[in-house]
Amino acid sequence: MAAVLLGGACLFFPSGRKQEVKRFTAFMAVPGENHVEDTRIKEEISRRTGASAQVEFLGGQTPEEKIEAMIQTGNYPDFINGADASSLLIGAGALIPLEDYLEDYPALYQYLTPRQWESLRKEDGHIYYIPPFGVFQGQNTQTMLSGESFWIQKRVLEWAGFPVVKTLDEYFDLITSYLQANPQSDGKPNIGFEILCDDWRYFCLENPAMFLAGYPNEGCAIVDPETQEAAVYDTIPEAKQYYKKLSQMYSQGVIDPETFTLSYSQYIDKISAGNVLGFVDQYWQILDAQNSLYVYGREDRTYVPLAITANEEIEGKYNCSETNLNIGAGLGISVDCEDVEGALQFLNDLLTPELMVLRYWGEKGIDYEVDDAGLYYRTEEQRMNWANGDYMKANCCDYTYFPAYEGMLADGINASRPAEQPGEYYEKLSPYDKKVLDAYGFQTWKEFLGEELEGSAWFPLYSCVADWPLDSDYGRAKAEMERIKRLWLPKVIMSSEEEFEKSWSDYMQEYAENVDVEAYIKQLNLEIKKRVEAAQEQE
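Worth saying up front: this structure is predicted, and the values here are computed from it rather than measured. (Residues numbered from 1 in each chain as written. Predicted model: local features only at pLDDT ≥ 70, side-chain atom pairs only at ≥ 80, totals over all residues. Heavy atoms only, no water.)

Caption draft 1: Local environment of the pattern of salt bridges. What the rule picks out here adds up to 29 salt bridges. Linking E501 and K240 is a salt bridge whose minimum nitrogen-to-oxygen distance equals 2.9 Å. Here E501 is found in helix 19 (residues 500-514), whereas its partner K240 is found in helix 10 (residues 237-251), with 261 residues between them in sequence. For E501, a relative accessible area of 40% corresponds to the partly exposed category. In this structure, E510 engages R483 in a salt bridge whose closest nitrogen and oxygen atoms are separated by 3.4 Å. With E510 in helix 19 and R483 in helix 18 (residues 473-494), this residue pair connects regions lying 27 residues apart in the sequence. (Salt bridge = Lys/Arg side-chain N within 4 Å of Asp/Glu carboxyl O. Helix = DSSP H or I, 4+ residues; strand = E, 2+ residues; numbered from the N terminus. Buried < 20%, exposed > 50% of the residue type's maximum accessible area, 1.4 Å probe, protein only.)

Caption draft 2: Expanded view of the pairing of strand 3 (residues 22-31). As paired elements, strand 3 and strand 4 (residues 51-58) share 8 bridges and run parallel to each other. Counted as the bridge partner of A26 is V55 from strand 4. (Pairing = 2+ DSSP bridges.)

Caption draft 3: Representation of the packing of aromatic side chains within the structure. For the coordinates displayed, the defined rule picks out 40 aromatic pairs. Centre to centre, the rings of F150 and Y171 are 5.3 Å apart; their planes meet at 75 degrees, and the pair counts as edge-to-face. Taken together, the positions of F150 in strand 7 (residues 148-153) and Y171 in helix 7 (residues 168-181) put the pair 21 residues apart, joining distant regions of the chain. Like F150, the residue Y171 is buried in the burial classification. Geometrically, the ring pair formed by W200 and F203 is tilted, given 6.4 Å between the ring centres and 35 degrees between the ring planes. (Phe/Tyr/Trp six-rings, centres within 6.5 Å; stacked < 30°, edge-to-face > 60°.)

Caption draft 4: Structural detail: the sheet that holds strand 7. Strands sit in the order 12-7-13 across an open sheet of 3 strands; the sheet is antiparallel. Every other strand in the sheet has two partners, leaving strand 12 (278-282) and strand 13 (303-306) as the edge strands with one partner each. Looking at each pair of strands side by side, their axes are set apart by 40 degrees on average, direction ignored. With 4 bridges connecting them, strand 7 and strand 13 associate as antiparallel partners. Considered in strand 13, the bridge of Q153 is made with Y303. Lying over the sheet, helix 12 (residues 283-295) contacts strand 7, strand 12 and strand 13, oriented at roughly 125 degrees with respect to strand 12. (Axes fitted to C-alpha atoms, helices over the stretch in contact; angles between N-to-C directions. Contact = heavy atoms within 4.5 Å.)

Caption draft 5: Expanded view of the state of the cysteines. All chains considered together, the criterion is met by 0 disulfides. Cysteine C204 is unpaired, with the sulfur of C197 as its nearest cysteine sulfur at 8.1 Å. You can call C204 buried: its relative accessible area is 2%. No disulfide involves C220; its nearest neighbouring cysteine sulfur is the one of C464, lying 5.4 Å away. When its relative accessible area of 6% is taken as the criterion, C220 is described as buried. (Disulfide = S-S within 2.5 Å.)

Caption draft 6: Main features of the sheet that holds strand 4. The strand order 4-3-5-15 describes an open sheet built from 4 strands, whose pairing is mixed. Of all strands in the sheet, those bounded by a partner on one side alone are strand 4 and strand 15 (332-333). Bridge count for strand 3 against strand 5 (residues 79-81) is 3 bridges, and the pairing is parallel. Its bridge partner lying in strand 5, F27 is registered against I80. Those strands touched by helix 2 (residues 63-73) are strand 3, strand 4 and strand 5, and its axis lies near 140 degrees from that of strand 3.

Caption draft 7: Examining the confidence of the model for the protein chain more closely. In this model, the protein chain carries an average pLDDT of 91, and 95% of its residues clear a pLDDT of 70 or more. Considering only residues more than four positions removed or in separate chains, one finds that residues 1-18, a stretch of pLDDT under 50, has 34 contacts. (pLDDT = per-residue confidence, 0-100.)

Caption draft 8: Spotlight on the environment of E533. Here E533 shows up in helix 20 (residues 517-538). For E533, a relative accessible area of 38% gives the class partly exposed. For the pair formed by E533 and A457, sequence separation is 76 residues and the distance between their alpha carbons is 8.8 Å.

Caption draft 9: Structural view of the side chain of E218. Topologically, E218 is positioned in the loop between helix 9 (208-212) and strand 10 (222-224). Despite being buried, E218 has no salt bridge partner; R531 is the closest side chain of opposite charge, sitting 6.2 Å away. (Lys, Arg positive; Asp, Glu negative; His and termini not counted.)

So this is what it looks like as structure tokens:
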């Protein structure tokens, strides 16, 4: 057993010889918290793989600004996920092509199917990055969908006698009624509704109309399943209906007056405080706040998702399986990486069964236990530890934004994520959570969104737009669309009842005059056709 001292941490290798730990650098063009110190599990990953990565996240800049600065200096980290600025990295020649390496790394190559690898190939014939999310091994074990929905606090449902809430009017009527009856909690004002608008996360503001109209989360458009043609959702009747309702709620004081100026962290702090009754968001964005509420015993202030639609006749399509990967961004290796083979070996090792367990479950006997049937479980103390933010900062390391499986572990009996462990979830819920689920006849929270629907061959369409070149007519159309929505939607919502129609008309006029919708939709329709043809070839 050999030991090597690095940065004050003694790492042991079973090979019996001294082994250096390869230190890679990584940058993810998404907001996140940088952790300088190695954690217990990160050190254990280093011990087992002989490698580690120091990960930096975006801070105070847009992805485009940060990536453009890197391109100007010509200095890149070893690993890089350009997010919405991925096309800039490819255009600058900052990423190495991966396709000639992949088959030499079995765990990495088997991560995707041949068809999925091909979907990542760019027009020049190269594969530049690997998607970190949306790859399922075995069955989908999610008990709470990670995607987007309208959310409401459990105490609001309990107060109203656990009603079925389906329409936009029902949702806000319930929140308004509760707020009138309960203006404060713990001496602090309750907030009826928050809208996250910070940077790229403004989808919480701009895309609910597609859900209200009964479409799944294509993200960038709605698609007619009969004609297989796209259309923008910004101008449909349900969009005007939604923002008119928000304008009314803002005027009535239901919506937080600070909502349009909140940073993501401030938004999460407000939700964590337990006084926000509802919002629209992706679950993975509010997971830390949800966990914090559980840790402090405020289960009644945690949230359930609702499949809200514009009216009773429309069926919500919030629970839709994703047929296609997000091919617009992923983790690549830069041209400045001096050990490409070592970097690929690190990715390969992170996907092995042993490391998947370590990344998400931790160490046996410390973070989880195993019963006689081979099922993993956590003791109450272990669960409390992993719900504690300070404990996680000192101990965990799942290498978020590095490739990882969702669904099952390789053993076929354990979930890759502890929160989704089969056969254990409902039994381990608190009496309060069981009461809420029992009131609706459900076993898991995702059932609030209805049965899972199979996504169409093109779904989700948003996965194609992230790497659209900014100098193309459709790329410019996307950029103008985003600019105008960021500018106008807060104005529309803050307008008075008398001003709303004019504000909406002015917004639609600027949209029509500046967004090349024809070019935007033409490119999306080409992608839809491409995906449908690819799916037909696989039949």
